[in-house]
Amino acid sequence: MATHLAAVASAKGQPLELRARPTPKPGPGELLIAVKSVALNPADTFMRGQGLFIQTYPTVFGFDIAGLVLDVGDGVPTKATDDDSVPFFQPGVSRIAAFAASFWRSYDPDYGAFQERCLVPWQHALLLPNNGLSWNHAATLSVSIEVPLNAWDLLEVPRIGATSASALTNKENQKDSPQKSEAILIWGAASSVGTMGVQTARLLREDPRTSFAAVYAVAGSANHSYVGSLGADRVFDYKDSQILENIIGAAKEDGLVIQRCFLATGELALCQAVLKAFIGAGPEGNKATASKIASAPVIPQDAEVIDGVDTVFVLPSSREEQRLEQMRYWLGTFGRANLAKGTIKPSPEPRIVGRGLEVINAGLDELVQGVSCTKLVVEIAE
């Protein structure tokens with residue numbers, strides 16, 4: 001029986017242990033991936049330290065993968081079709097980034113990212129363009145794309161590019177397009193999901209079917225230039241004691257309202273305070289159904305309830321069929337197309353912790369201490 005190495009979680013609060021595991025065969029709709037690089041996420045530290053979401057041990061966790069397709073299960077598209085929005089996967093050829101599916105597989109270790117071989121549903125994979133993108137950069141993509149696109153869906157924003165550009169030139173469509181009256185707010189904009197949030201919000205701002213006229217971002221002062229280069233129109237310092245007044249004042253100066261916010265990281269109460277200031281504002285017929293915050297961090301149990309401001313936790317659907325369709329769009333359609341066109345890019349820059357599964361613990365230790373505007377990556381193989 002073929003085996004591979006894995007960084008195994010044996011118990012809550014314990015360091016990951018290097019162990020050999022049997023290499024699985026892909027089932028229907030699945031890819032077997034030779035993992036080349038993995039990126040580390042804050043949720044990984046909670047899973048190691050607190051056993052977040054994990055019901056049984058031992059297991060393998062982790063989310064962000066870049067690697068080579070080794071084998072495919074029944075039902076996986078393996079040939080090009082007339083529909084170029086459908087990716088196809090060829091063993092030994094296809095390079096992918098992928099969002100590991102262990103969360104939806106009851107933490108079956110075969111689906112965790114932190115190992116040399118990993119199973120993923122093909123809909124969770126982003127087929128990489130042939131432009132020389134490194135494994136280390138590719139490993140940063142799947143979570144950073146999925147989270148903000150999931151947030152935009154939860155905030156009821158029209159999907160980017162869902163209507164053809166030619167259709168939008170029609171006068172009737174132009175007449176029915178919403179007034180550009182909103183600034184979209186991204187809090188924690190220098191994080192990996194925050195930087196991709198800024199990039200995708202820039203595309204929303206440019207889309208005539210949305211009401212967004214500006215992208216407002218909150219980040220540390222050292223990262224303002226970088227966040228601005230990704231597409232933020234205004235960047236605010238989260239350490240500024242006057243940040244609420246500054247954001248609200250800027251929107252009023254720009255003649256805009258703030259009714260939707262993506263909280264990538266940071267304090268929910270501050271986002272609520274901003275949106276509360278604009279309840280009932282904006283032109284009639286051009287409002288969100290309610291002011292709404294999409295929160296990537298888990299919503300605190302003691303979070304204040306603000307009338308007129310809804311908060312939703314950013315998580316794909318719990319229904320398998322719907323989640324696979326969501327992931328297929330977020331990664332396989334939007335991610336693949338925009339990465340190939342260069343309208344999005346991996347962000348922020350990865351920093352390599354080291355090579356080998358045994359250094360994942362050190363990377364998670366560093367992540368617990370906090371990093372700014374960087375993505376920690378571990379090389380697994382060449």
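Residues numbered from 1 in each chain as written. Predicted model: local features only at pLDDT ≥ 70, side-chain atom pairs only at ≥ 80, totals over all residues. Heavy atoms only, no water.

## Section: the UniProt feature "domain: Alcohol dehydrogenase-like N-terminal" (unreviewed entry) in the chain
The condition is simple: UniProt positions are given in the numbering used here, feature names are shortened, and annotations may be inferred rather than shown by experiment. Elements are defined by DSSP. Helices are runs of H or I of four residues or more, strands are runs of E of two residues or more, and each kind is numbered from the N terminus.
Mapped onto the present numbering, the UniProt feature "domain: Alcohol dehydrogenase-like N-terminal" (unreviewed entry) falls on residues 27–129. Between the end C-alpha atoms of residues 27–129 there is a gap of 26 Å, over a span that is 9% helix and 31% strand.

## Examining the pairing of strand E8 (residues 182–187)
Defined as follows: Burial classes follow relative accessibility: with a 1.4 Å probe on protein chains only, a residue under 20% of its type's maximum area counts as buried, one over 50% as exposed, and anything between as partly exposed. Any two strands with at least two DSSP bridges between them are considered paired.
Of all 6 residues in E8, 6 are buried, a share of seventy percent or more. The alternating pattern of E8 places Glu182, Ile184 and Ile186 and Ala183, Leu185 and Trp187 on opposite faces, both of which are buried. When E8 meets strand E9 (residues 212–219), the two strands line up parallel, connected through 6 bridges. Each residue of the ladder has a partner; that of Ala183, found in E9, is Ala214.

## Overview of the packing of helix H3 (residues 141–154) against helix H10 (residues 320–341)
Rule in force here: Every angle, taken between N-to-C directions, lies between 0 and 180 degrees, and every axis is a line fitted to C-alpha atoms, over only the stretch in contact when it is a helix. Any angle that is under 35 degrees is reported as roughly parallel, and any over 145 degrees as roughly antiparallel; angles of 65 to 115 degrees are reported as roughly perpendicular and all others as oblique. Here is the rule for handedness: rotate from the far helix to the near one, and if that takes an anticlockwise turn smaller than a right angle the crossing is left-handed, while a clockwise turn gives right-handed. By definition, residues are in contact when any of their heavy atoms lie within 4.5 Å. Any residue outside Ala, Val, Leu, Ile, Met, Phe, Trp, Tyr, Cys, Pro, Asp, Glu, Lys and Arg is labelled polar, Gly included; the first ten of those are nonpolar and the last four are charged.
H10 packs onto H3 with a crossing angle of 115 degrees between their chain directions and a minimal axis gap of 10 Å. By the angle class used here, H3 and H10 are roughly perpendicular. Between H3 and H10 the crossing geometry is right-handed. Packed against H3, whose contacting residues are Leu141, Ser142, Ile145, Glu146, Leu149, Asn150 and Asp153, the element H10 presents Met327, Trp330, Leu331, Phe334, Gly335 and Leu339 at the interface. Partitioned by chemical class, the residues of the contact of H3 with H10 number 8 nonpolar, 3 polar and 2 charged.

## Thoughts on the packing of aromatic side chains
Remark: the centre distance and the inter-plane angle together describe each pair of aromatic rings, the angle taken between the planes. Going by this rule: Stacked, tilted and edge-to-face are the three classes applied to pairs of Phe, Tyr and Trp rings, where Trp contributes its six-membered ring and a pair requires centres within 6.5 Å; stacked means planes under 30 degrees apart, edge-to-face means over 60, and tilted covers the rest.
Applying the stated rule across the entire model yields 9 aromatic pairs. Pairing Phe103 with Trp104 gives two aromatic rings, centres 5.1 Å apart and planes at 80 degrees, and the pair type is edge-to-face. Phe103 sits in the partly exposed class, given a relative accessible area of 24%. Where Phe103 meets Tyr107, the ring centres are 6.4 Å apart and the plane angle is 90 degrees; that geometry is what we call edge-to-face.

## Re helix H8 (residues 243–254)
Just so we agree on the cut-off: Each residue after the first adds 1.5 Å to the expected span of a helix. It is the directions from the helix axis to the C-beta atoms whose arc is reported.
With 12 residues, H8 extends 16 Å from end C-alpha to end C-alpha; this agrees with the ideal 16 Å at 1.5 Å per step. Listing the buried residues of H8 in full gives Ile243, Ile247, Ile248, Ala250 and Ala251. Seen end-on, H8 carries its buried residues on one side only, within an arc spanning 155 degrees. For H8, the exposed residues set more than 90 degrees away from the buried face come down to Lys252 and Glu253. The elements touched by buried residues of H8 are E8, E9, strand E10 (234–237) and helix H9 (268–276). Phi turns positive, to about 75 degrees, at Gly255, one or two residues after H8.

## Overview of the domain arrangement of the chain
Here is the rule we go by: Domains are outlined according to an automatic or database domain assignment. When two parts are brought into contact, each loses some accessible area as probed by a 1.4 Å sphere; the total of that loss over both is the buried area. Here a polar contact is taken to be a pair of N or O atoms separated by no more than 3.5 Å, where protein atoms must pair a possible hydrogen donor with a possible acceptor and residues adjacent in sequence count only if both atoms sit in side chains.
The domain architecture assigned to the chain consists of domain 1 (3–127 + 348–379) and domain 2 (147–160 + 178–313). Using C-alpha coordinates to define each centre, domain 1 is positioned 30 Å away from domain 2. Opposite the 5 residues of domain 1 that make contact, domain 2 presents 6 residues. Of the roughly 490 Å² buried where domain 1 meets domain 2, counting both sides, 61% is carbon and sulfur surface. When the buried area of domain 1 at its contact with domain 2 is split by residue, Pro348, Cys373 and Lys375 rank highest and sum to 71% of it. There are 2 residue pairs in polar contact (both at pLDDT 80 or more) connecting domain 1 and domain 2.

## Re the nonpolar core
Within soluble globular proteins, side chains that are nonpolar tend to cluster in buried spots. This is how it is decided: Remark: nonpolar core denotes a set of buried residues (Ala, Val, Leu, Ile, Met, Phe, Trp, Tyr, Cys) joined through side-chain atoms within 4.5 Å.
In terms of nonpolar packing, the biggest core is built from 91 residues, with Leu31, Phe114, Trp152 and Ile360 touching the most fellow members. The greatest single-element share of this core, amounting to 7 residues, is contributed by H3. Each of domain 1 (3–127 + 348–379) and domain 2 (147–160 + 178–313) accounts for three or more of the residues forming this core. If sequence neighbours within four positions are ignored, Ile360 has contacts with Ala7, Leu16, Val38, Leu40, Phe114 and Val378.

## Section: the pairing of strand E4 (residues 64–72)
The pairing of strand E3 (residues 30–39) with E4 spans 8 bridges and is antiparallel. Of the residues in E4, the one forming a bridge with Leu32 is Asp71. Across 5 bridges, E4 lies against strand E5 (residues 95–99) in antiparallel orientation. From the neighbouring strand, Asp64 faces E5, where its bridge partner is Phe99.

## A look at the sheet that holds E9
Spatially, the 6 strands line up as an open sheet ordered E10-E9-E8-E11-E12-E13, and their pairing is parallel. The open sheet has two free edges, formed respectively by E10 and strand E13 (309–313), since each of these has just one partner strand. For this sheet, the mean inter-axis angle between neighbouring strands, taken without regard to orientation, is 20 degrees. Bridge analysis of E9 against E10 gives 4 bridges, and the strand direction is parallel. Across the sheet, residue Val218 finds its bridge partner in E10, namely Phe236. Sitting on the sheet, helix H6 (residues 192–206) is in contact with E8, E9 and strand E11 (260–263), with an inclination near 165 degrees to E9. The strands that H9 touches are E8, E11, strand E12 (291–295) and E13; relative to E12, the one it contacts most, it runs at about 160 degrees.

## Here's the deal with the pattern of salt bridges
To keep it simple, the criterion reads: By convention in these notes, a salt bridge is any Lys or Arg side-chain nitrogen within 4 Å of a carboxyl oxygen on Asp or Glu.
Tallied over the entire structure, the rule returns 17 salt bridges. Note that Glu206 and Arg205 form a salt bridge whose closest N and O atoms lie 3.7 Å from each other. Ionic pairing is found between Arg234 and Asp254, a salt bridge with its closest N-O pair at 2.9 Å. Residue Arg234 is found in strand E10, and its partner Asp254 is found in helix H8; the two are separated by 20 residues along the sequence. For Arg234, a relative accessible area of 25% corresponds to the partly exposed category. Overlapping salt bridges bring together Arg105, Glu320 and Arg323 as one network.

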